[in-house]
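Per-entry structural report
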Amino acid sequence: MAGALVLKHRRTTLERVEKFLPELRSRLFRDTCPLVSLSCFQTPQRIPYDEAVRQEFRPAKVGDSFGPTWRTCWFKVELSIPREWMGKEVHLLWESDGEGMVWRDAQPVQGLTKEGEKTSYILTDGLKEAEPHSLTVYVEVACNGLFGAGNGSLIAPPDPDKKFTLNKAELVVFNRDVHELLVDFEILVGMATLLGEENQRSFQALYVANQMVNLLDVTDSSTFPAVHQLASSIFSQKNGESQHTIHAMGHCHIDTAWLWPYEESVRKCARSWVTVVRLMEKNPEFTFACSQAQQFEWVRNWYPGLFAQIQGYAKEGRFIPVGGTWVEMDGNLPSGESMVRQFLQGQRFFQQQFGRLCLEFWLPDTFGYSAQLPQLMRGCGIQRFLTQKLSWSLVNTFPHNTFFWQGIDGSRVLAHFPPGNSYSLIGDVEEMLKTMKNNRDKGRVNHSAALFGFGDGGGGPTQKMLDRLKRMRDTDGLPRVQMSTPDQLFSVLEKEGTQLCTWIGELFLELHNGTYTVQAQIKKGNRECEQILHDAEVLSSFALTQKSTFQYPSIKLQHLWRLLLLNQFHDVLPGSCIQLVVEDSMRYYAEIRSEGALLLKDAIQALFGKLLPTGSEMTESFLVLNTLPWERTEVVCRPGAETLALVKVPSMGYSAVNDSLTPIHPVTVMKQADGSVTMENGVIAAHLDSMGRVMSLRLAHSGRESILDGHCANQFVIFDDVPLYWDAWDVMDYHLETRKPITTLLTPLEIVLAGGLRGSVKFSLRISERSVITQEVILDAMCPYLRFLTQVDWNEAHRFLKVEFPWHVRSMNATYEIQFGHLQRPTHRNTSWDWARFEVWSHKWMDLSEHGFGVALLNDCKYGASVHENVMSLSLLRSPKSPDATADIGHHQFTYAMMPHRGSFQEAAVIHCAYNLNFPLHMVPAVSVQCPAWSAFSVHSPAVVLESVKQAEDRPDGLVVRLYESHGSTVATWLQTSFPVKEAINCDLLERPDLSSHLLLEEHGVKLTFTPFQVRSVLLILSQ
């Protein structure tokens, strides 16, 4: 009997509906029409549209291949829409490998990628008589996919010979009604499948979907409205007031470089964002959050028409700049000052281009988050933070999704981790349910974020994602989903925040620990360029105050800073990128080094012009410049000569040197009968065996031994390094089981410098048949540390080189420098949280101390480290093969130093010594004249570091000085300057002055108070 009710079997009913969907999907495109003509040309360059359309195009057809990888193929598409398609929605259907961009009327109008589910461009929503039926568009196709061109797997090095194929290019009539029905079915099937057999709504959704199949005749569009109405009967049943609310925001995470070079990211931004603009035209409720000032700047320069449209939607509050930084930088390795500049450059850009500062720090994909970030965020006008990366942790599950995050100085920000554990959702039922169920703060907050849109390689949201979310706006049985903005989300969370928990300290990602070490040349370039820009700003500030005609190089410094900040992107500085990106980054470091050297030269010329040699005159004297805020006494090489001198230089200043000072205790170097060597300088005494291992390191006065009896320090060790998948990213805990000491002596220890101002010895070890270590161990007069100048010729595969130091010290915790401060991590592995930190990161120093004594390890370009019980390890080199098969292969030079000390590391000036190692004194030849020593700045308390001195961004007559408390103490101190200062005003990290907080100028300078690890900026207005 027709229409009779039958008992429904759940599985067969569900499979019936699912089996029906391919039939419906095949009806999405109805009539088709071939193109009038198709032609193309290829180029190895990424060229602008105006240049491309002037080229000679050759005939092309569907099925043709083009390439290889990284080339660009431009297609000229001539088309004519049939008259009989009047009133119909007409698309250009385009399916090809690679990433495409449609250009129409000389403007980019649509991105095309198979991987991003964008394979058609809407030519017209409903063809009208007045519309042109014949037109020409261009399709620019990059010979790479959303995720580059990996050879056989996502993270494999790119296949340079890969070919790309055009699979489909035609005009089609798009059946919008079928699309709507497909989305209806998709949501209902999702509800039926995922709500579970115990849920009443699961069966309601299933039975309605089954009834829709009964009613629908795919060949008869007149049946469509009733079927759609049936689906709406489910979607119109509302939730109760207590239902979880999801704040959906469009997003398109674009890695500024990763498996593709920087230049391709420029086009990825344009392809993705122009598609967002098209969606905004058709979906007035659609909002889109977008980070990274650098990417906006690229689009502004290369696609000004698109950028103007983005600015228009930004004014409406729909295209929403977020993040506040120049790029989404690595959260561990940049210095504190670099992190400040990320915000300074980013926030100023957003203020200038969009008339507003970002209120949220947006860093969803970075490999851990420094415990100093909350303070830096607040200093830059941000009190909200969003990420999801800690969901990747391998060992422990982070206990919160919404919480207060407190930094080492006590600053707090509101943090939210979207419970869907992704920034690339597709907006389906499964993800919305997961977002609700995963919320670990149930009962405290009832709102969370869902970021939807294809990401990493770009792509962004699709119309289908928006249509799914519309159906889940308020559907009983599902969380309530509303299109929202970051401000709306965080405003609600702030109101609900009275019961939130607080997490204190770093947000450590228990994965990707190898990124602290891999691509060592990038890490070295970062550290060196941070130092170069610091010194260039300090000396340019000196010149600005001392010479009225000197022009502070603000534009050039901004350019160099932006290059450095760009290279701090979270797949570049960590080293998880392809070889092309490494080459780009090294080119940018080379530019910073060369241009920075010229800026230093210009500042020195302005400061000392009359004292500098102009020709071949004798230069027996030389000037020594100190860019650090404490007096330094060090051994230096005379410029242009092989001789050494012991010099004393005032804080942030200079002195003229004619003759070397005489050390109280000259360095002695003595070779023993067994080939070992002793080195002493009256501060420390070292005994090295013939293989360069340190058998003893004592404080000269007390005789306190640093090295554990029967062990040796400076022991090179090598490990097998074979991660489970993420080759460049990961170091797995099991690598520690493969430890092998390097004991093959190539050249025994020999004396290079026998003593006096400096003693040194040299030796070399064979790592393997392909790799060699050569090391010079250096002890300078009056220096409290033993320095190891290390050269490695490295040609290994999946091996990890470290150097170990078994100290005669017992402590439950080791101390590691981070941005503007330090923190402690356990030396034991009591809990899974401790054990997961078998490899951690540090900056210029780390220290292991017990009461009254400790040992610090300083370095000039390394970041990976560990301390387990009493053994301190510095990670030196890795050799992964994906995504860069050449990672770290080649020659490396770096320095580290062992520093035993009495008392605490604070009392022993470990922090100052680490700065000294990283910021060498500048030596400048001078004619033989007397020049009094001069100091620009000094700080009375050794706990306070004057980190930077620069011209103020908006006050040419002002300098900004940034200081921080480094010991973890509350302190009052004096900042003294010899500059003519008429006003001193507190300002934030964006250099916005607090006009109610003028500082008193007194005879001793400016009095400043600090709480532990506090960062302070002061605007100094100079007298004319």
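Residues numbered from 1 in each chain as written. Predicted model: local features only at pLDDT ≥ 70, side-chain atom pairs only at ≥ 80, totals over all residues. Heavy atoms only, no water.

**Details of the environment of A270**
On the secondary structure map, A270 appears in helix α6 (residues 262-282). A relative accessible area of 0% places A270 in the buried class. Residues A270 and G111, 159 residues apart in the sequence, show an inter-C-alpha distance of 7.9 Å. Not counting chain neighbours up to four residues away, the residues in contact with A270 comprise M101, V299, Y303 and L306. (Helix = DSSP H or I, 4+ residues; strand = E, 2+ residues; numbered from the N terminus. Buried < 20%, exposed > 50% of the residue type's maximum accessible area, 1.4 Å probe, protein only. Contact = heavy atoms within 4.5 Å.)

**Focus on the side chain of R825**
Secondary-structure assignment places R825 in strand β38 (residues 821-826). Separated by 2.8 Å, the side chain of R825 and the backbone oxygen of W841 make a polar contact. Beyond its immediate sequence surroundings of up to four residues, R825 is in contact with E506, M812, N813, A814, Y816, V840 and W841. (Polar contact = N/O pair within 3.5 Å; in protein donor to acceptor, adjacent residues only side chain to side chain.)

**Observations regarding the nonpolar core**
Residues F385 and L858 are the most contacted members of the largest nonpolar core, which totals 277 residues. The biggest single contributor to this core is helix α16 (residues 579-608), with twelve residues. Discounting chain neighbours no more than four positions away, the residues touching F385 are F361, L363, Y369, M377, W405, V413, L414, A415, H416, F417, F490 and L507. In this structure, L35, L112, Y121 and A169 belong to the second largest nonpolar core, which totals 31 residues. (Core = buried A, V, L, I, M, F, W, Y, C linked by side-chain atoms within 4.5 Å.)

**Quick notes on unusual backbone geometry**
For the bond running from G67 to P68, omega is 5°, close enough to zero to count as cis. Mapping P68 onto the fold places it in the loop between β4 (65-66) and β5 (72-80). The backbone of E117 shows a phi angle near 55°, a positive value even though the residue is not glycine. In this structure, M652 is a non-glycine residue whose phi angle is positive, near 35°.

**Looking at the sheet that holds strand β52 (residues 993-999)**
As summarised here, the arrangement of the five strands in space is β48-β49-β55-β51-β52, forming an open sheet in which the pairing is antiparallel. Taken across any chain shown, the strands that pair with only one partner, and hence form the sheet edges, are β48 (944-951) and β52. When the angles between neighbouring strand axes are averaged without regard to direction, this sheet yields 30°. With seven bridges connecting them, β48 and strand β49 (residues 958-965) associate as antiparallel partners. When the sheet's bridge partners are listed, V949 is paired in β49 with V961. Its contacts with the sheet place helix α9 (residues 336-354) against β48 and β49, and it is angled at close to 40° to β48. (Pairing = 2+ DSSP bridges. Axes fitted to C-alpha atoms, helices over the stretch in contact; angles between N-to-C directions.)

**With respect to the pairing of strand β37 (residues 813-818)**
β37 sits mainly inside the fold: five of its six residues count as buried. Bridge count between β37 and β38: six bridges; the pairing is antiparallel. Bridge pairing in β38 links Y816 to L823. The loop that links β37 with its antiparallel partner β38 comprises two residues; one of these, F820, has a positive phi angle of about 50°. Direction of pairing for β37 relative to strand β40 (residues 845-850): antiparallel, over a ladder of two bridges. Bridge assignment links T815 to a residue of β40, and that residue is D847.

**Some points on the sheet that holds strand β46 (residues 934-935)**
Across a sheet, paired strands are connected by hydrogen bonds in the backbone, their directions being either parallel or antiparallel. With respect to topology, four strands assemble into an open sheet ordered β45-β22-β25-β46, the strand pairing being antiparallel. The outermost strands of the open sheet, each flanked by one partner alone, are β45 (922-926) and β46. Two elements, strand β22 (residues 621-626) and strand β25 (residues 653-657), share five bridges in a ladder whose sense is antiparallel. Within β25, the residue paired with L625 across the bridge is Y654. Here α16 sits on the sheet and contacts β22, β25 and β45; the angle it forms with β22, its principal contact strand, is near 115°.

**Some thoughts on the packing of helix α3 (residues 176-194) against helix α5 (residues 224-235)**
One can describe the packing of α3 onto α5 by two numbers: an axis separation of 10 Å at closest approach and a directional angle of 35°. Between α3 and α5 lies a crossing of left-handed hand. For the pair formed by α3 and α5, the contact residues are D177, V178, L181, D184, I187, L188 and M191 on the first element and F224, V227, H228, A231, I234 and F235 on the second. In terms of residue class, the contact of α3 with α5 is built from ten nonpolar, one polar and two charged. (Left-handed = near helix turned anticlockwise from the far one by under 90°. Nonpolar A, V, L, I, M, F, W, Y, C, P; charged D, E, K, R; others polar.)

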